[in-house]
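# Topology and contacts: notes
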Protein chains: 2
Amino acid sequence: MSLKDEIAEQPDVLNRLLTEQWPRVQEIAAALKTQSFDYVFLAARGTSDHAGLYAKYLWGSVNHLPIALAAPSLFSRYGTPPSLARALVIGISQSGQSPDIVSVIAVGHRQGRPTLAITNKPDSPLGQAAKWVVDIAAGAERAVAATKTYTAQLMAVALLSVALADDADRYAALRQTPEWVAQVLAYDETIRQIAERYRYMEQCVVIGRGFNYATAFEWSLKLKELAYVVSEPYSSADFQHGPIAVVSQGFPVFAVVPDGAVFDDQLALLQRLKHDHHVELLVISDRREALDLADTPIPLPAGIPEWITPLVDIVPAQLFCYYLTRAKGFDTESPRGLHKVTKTQ
Amino acid sequence: MSLKDEIAEQPDVLNRLLTEQWPRVQEIAAALKTQSFDYVFLAARGTSDHAGLYAKYLWGSVNHLPIALAAPSLFSRYGTPPSLARALVIGISQSGQSPDIVSVIAVGHRQGRPTLAITNKPDSPLGQAAKWVVDIAAGAERAVAATKTYTAQLMAVALLSVALADDADRYAALRQTPEWVAQVLAYDETIRQIAERYRYMEQCVVIGRGFNYATAFEWSLKLKELAYVVSEPYSSADFQHGPIAVVSQGFPVFAVVPDGAVFDDQLALLQRLKHDHHVELLVISDRREALDLADTPIPLPAGIPEWITPLVDIVPAQLFCYYLTRAKGFDTESPRGLHKVTKTQ
């Protein structure tokens, strides 16, 4: 299995979660409802941290649950962890092996809190430390850069939200995700051609907001770890609180701006960037007004509910990073300086 | 008042907080102790968000309080904010004017939660929305890039921690901060010379961890908004979960690595970056082992407790950004594309 195969496998992986894992997710949600907690304390690193960002917005808006993203070093290095009273403690990790993430779950357990792991390896130290485990069941991921385990983690987060809200309409909408992902996978040849233009790009910024704040972080990380592009992710709001100063004429700005509650704010920023700062825009969107501003438009299928878009719009971004990496002549399977499992303390 | 004057004014600003504002901070801490809450829900953007990061580590380790950093758009755009049961709700903003930050405090108030603002403008919408207000009393800040209001926000966060813990030893240690800051301000001419080397630098990464994760973010933001350098902040742990792939021979890595609980981890990363990846290192530290690895070492005064170092070690970073901006011929007072007050929704 190569990186390209793993990207292509995503509709199947998501289908498996929607069918085979869904009963178990419903059982876990039912068990969680018997627990007493007021917020979620969530630990993750790298790509898994971006799934945590998605949870912050989805569970925050749909399930009204505030999410505190853990500072793992408070647990693993400072030895004086916060009190987790009233928290549901969650760890997300593909491998389930990073000791700092496991230590957060272990502290939650010692403090008598409910604990949940979302992982591709239920038998890992993380899976063993947690009371409940959602198995993302993505199969072995061999490429160092995570792709199918990222969308599978997002799907696990989405299924937990749907099960906690007991919302049949949302489940029905989510069932369409594999088909939407298959539709964007069909852009393969178009995106291969698009990537050529960026062969000599050394830096860029990536803009996303709300549910797709996570997409901006994940796209940016893939640009770094595969194509060695120095890319920084921002919400359209944070970007205007300082970092916008870095852009000048021709500076590449990538943006993921599907229709939804933050679309108008994001469109206003893109208009300002194009008309006042004359940047180069690469835009992933289902809205004509945003695509028309772009030097490089990547259209999304119409009609995807905003809360589901992160599972779909990262896929053209993955393909883009894959082809950019090939255009630059780098190794798509084993980027320099990285290993599949990173064990930080 | 120019940016340079505001940087130089920091010992006076910190002294004022330590003396004139300290009684009021103690009153607020006493009032907070009568409230019932299990965690802090904190909203901020830009530089103020970095003061929030410092709070996450300091209050987490010393006061055992978990901190959830808010996603303001859930309040201002999605209209479905999380339930803030059991939270102390805090907003940090120099100007107190950004509507999205004010909306988080307003929702906290409507849900009957205790609310606190940390601001340089107690009469602002943020100050008026919150039940308690810590005035950072930094005086007017005219330069667009925040410097003295950042260290003043850190001091407000530190004073609240000390008052909540009722710890006279920590207060005594904090009283030495203005003197330590004055000591690093004396590096002025050395740092002016150091900055020359980076005249043509277009991108870099900035590494910090634990208490100084905030320093990495703030240093990186100053590099962007003043010197237009594309710089990305990382914890030494997160950096190894992917982004390390961007570095190659000669790539500039800035690191703030004072002695303390995460020093050994950070030193190991710097050794790996120097010996395996042959990067260019600029290091702020009080430890010889770290400074000896650096192409450009910036020594810190010895003996500063780790939890206080963020108030001191950002100062040489501010001077560095100031002189780098001058070396590049940019405007230190009004960076392109920015205004002093940014009102995001």
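Please read all numbers here as calculations on a predicted model, not as lab measurements. (Residues numbered from 1 in each chain as written. Chains lettered and ligands numbered in written order. Predicted model: local features only at pLDDT ≥ 70, side-chain atom pairs only at ≥ 80, totals over all residues. Heavy atoms only, no water.)

## Regarding the layout of surface pockets
Each pocket or cavity is described by its volume, and for the largest pocket that value is around 250 Å³. Surrounding the largest pocket, 17 residues form its lining, Q240 and R272 of chain A together with T342, K343 and T344 of chain B being those nearest its centre. Of all the secondary-structure elements, those providing two or more residues to the lining of the largest pocket are α12 (236-240) and α13 (263-275) of chain A. Of the residues forming the lining of the largest pocket, the biggest block, four residues, is contributed by α13 of chain A. Within the lining of the largest pocket, the residues separate by chemical class into five nonpolar, seven polar and five charged. (1 Å grid on protein atoms, 1.4 Å probe; cavity = no way out; pocket = protein on both sides within 12 Å on 5 of 7 lines; lining within 4 Å. Points joined across faces, edges and corners; volume = space filled by probe spheres on them. Helix = DSSP H or I, 4+ residues; strand = E, 2+ residues; numbered from the N terminus. Nonpolar A, V, L, I, M, F, W, Y, C, P; charged D, E, K, R; others polar.)

## A short note on the interface of chain A and chain B
Contact with chain A, which involves 73 residues of that partner, is made by 73 residues of chain B. Contact with chain B buries area across many residues of chain A, yet Y78, V230 and H241 of chain A alone supply 12% of it, more than any other trio. When the shortest N-O distance is used, the salt bridge between K224 of chain B and E232 of chain A registers 2.8 Å. The tally of links between chain A and chain B comes to 23 residue pairs in polar contact (both at pLDDT 80 or more). Broken down by secondary-structure element, the contributors of at least two residues to the side of chain A that touches chain B are β1 (39-43), α3 (47-62), β2 (67-69), α4 (73-76), α11 (213-227), β7 (230-234), α12 and α13 of chain A. In terms of residue count, β7 of chain A provides more of the side of chain A that touches chain B than any other element does, five residues in total. Of the residues belonging to the side of chain A that touches chain B, the class tally is 34 nonpolar, 23 polar and 16 charged. (Contact = heavy atoms within 4.5 Å. Buried area = accessible area lost by both parts, 1.4 Å probe. Salt bridge = Lys/Arg side-chain N within 4 Å of Asp/Glu carboxyl O. Polar contact = N/O pair within 3.5 Å; in protein donor to acceptor, adjacent residues only side chain to side chain.)

## Comments concerning the sheet that holds β7 of chain A
All names here are of chain A. Strand order across the open sheet formed by five strands is β7-β6-β8-β9-β10, with parallel pairing between neighbours. Strands with a single pairing partner mark the edges of an open sheet, and in this sheet they are β7 and β10 (296-299). Between one strand and the next, the sheet's axes are offset by a mean angle of 15°, whatever the strand orientation. Packed on one face of the sheet, α11 meets β6 (203-207), β7, β8 (252-256) and β9 (280-285) and runs near 175° to β7. This element, helix α15 (residues 309-328), spans β8, β9 and β10 of the sheet and lies at about 135° to β9. (Pairing = 2+ DSSP bridges. Axes fitted to C-alpha atoms, helices over the stretch in contact; angles between N-to-C directions.)

## A few points about the packing of aromatic side chains
Applying the stated criterion across every chain yields a total of 27 aromatic pairs over all chains. Taking 5.0 Å as the distance between ring centres and 75° as the angle between the ring planes, the aromatic pair formed by Y322 of chain A and Y323 of chain A counts as edge-to-face. Take Y322 of chain A and Y323 of chain A: they sit in the same class, and that class is buried. Judged by centre distance (6.5 Å) and plane angle (80°), the ring pair of W219 of chain B and F320 of chain B falls under edge-to-face. With W219 of chain B in helix α11 (residues 213-227) and F320 of chain B in helix α15 (residues 309-327), this pair connects stretches of sequence that are 101 residues apart. Each member of the pair, W219 of chain B together with F320 of chain B, is buried. Aromatic rings pair up to connect Y198, W219, F254 and F320 of chain A into one cluster. For R199 of chain B, the ring lying beneath its charged end belongs to Y200 of chain B, and the centroid distance is 4.4 Å. (Phe/Tyr/Trp six-rings, centres within 6.5 Å; stacked < 30°, edge-to-face > 60°. Buried < 20%, exposed > 50% of the residue type's maximum accessible area, 1.4 Å probe, protein only. Lys NZ or Arg CZ within 6 Å of the ring centre and 35° of its normal.)

## Here we look at the packing of α3 of chain A against α11 of chain A
Residue and element names in this part refer to chain A. Closest axis-to-axis distance for the α3/α11 pair is 8 Å, and the angle between their directions is 170°. Between α3 and α11, the angle is such that the two are roughly antiparallel. On α11, the residues touching T47, H50, L53, Y54 and Y57 of α3 are Y213, A214, F217, E218, L221 and K222. Taken together, the residues that form the contact of α3 with α11 break down as seven nonpolar, two polar and two charged. (Parallel < 35°, antiparallel > 145°, perpendicular 65-115°, else oblique.)

## Section: the packing of helix α10 (residues 188-196) of chain B against α15 of chain B
Residue and element names in this part refer to chain B. In the contact formed by α10 and α15, the axes pass within 8 Å of each other and the chain directions differ by 50°. Of the possible angle classes, the one that applies to α10 and α15 is oblique. In the crossing of α10 with α15, the sense of the turn from one axis to the other is right-handed. Along the contact surface, α10 presents D188, I191, R192, I194, A195 and E196, while α15 presents P316, L319, F320, Y323, L324 and A327. Its residues placed into classes, the contact of α10 with α15 shows nine nonpolar, no polar and three charged. (Left-handed = near helix turned anticlockwise from the far one by under 90°.)

## Regarding the domain arrangement of chain A
All names here are of chain A. On domain assignment, one finds that chain A holds domain 1 (3-174) and domain 2 (178-327). Inter-centroid distance (C-alpha atoms) of domain 1 to domain 2 is 26 Å. Summed over the shared surface of domain 1 and domain 2, the number is one salt bridge. Between D188 and K4 there is a salt bridge, with its nearest N and O atoms 3.1 Å apart. The interface formed by domain 1 and domain 2 contains eight residue pairs in polar contact (both at pLDDT 80 or more). Of all the secondary-structure elements, those providing two or more residues to the side of domain 1 that touches domain 2 are α1 (3-8), α2 (10-33), α3, α7 (148-165) and α8 (168-174). Looking at which element gives the most residues to the side of domain 1 that touches domain 2, the answer is α3, with seven residues. Among the residues forming the side of domain 1 that touches domain 2, the class breakdown is 19 nonpolar, eight polar and two charged. (Domains from an automatic or database assignment.)

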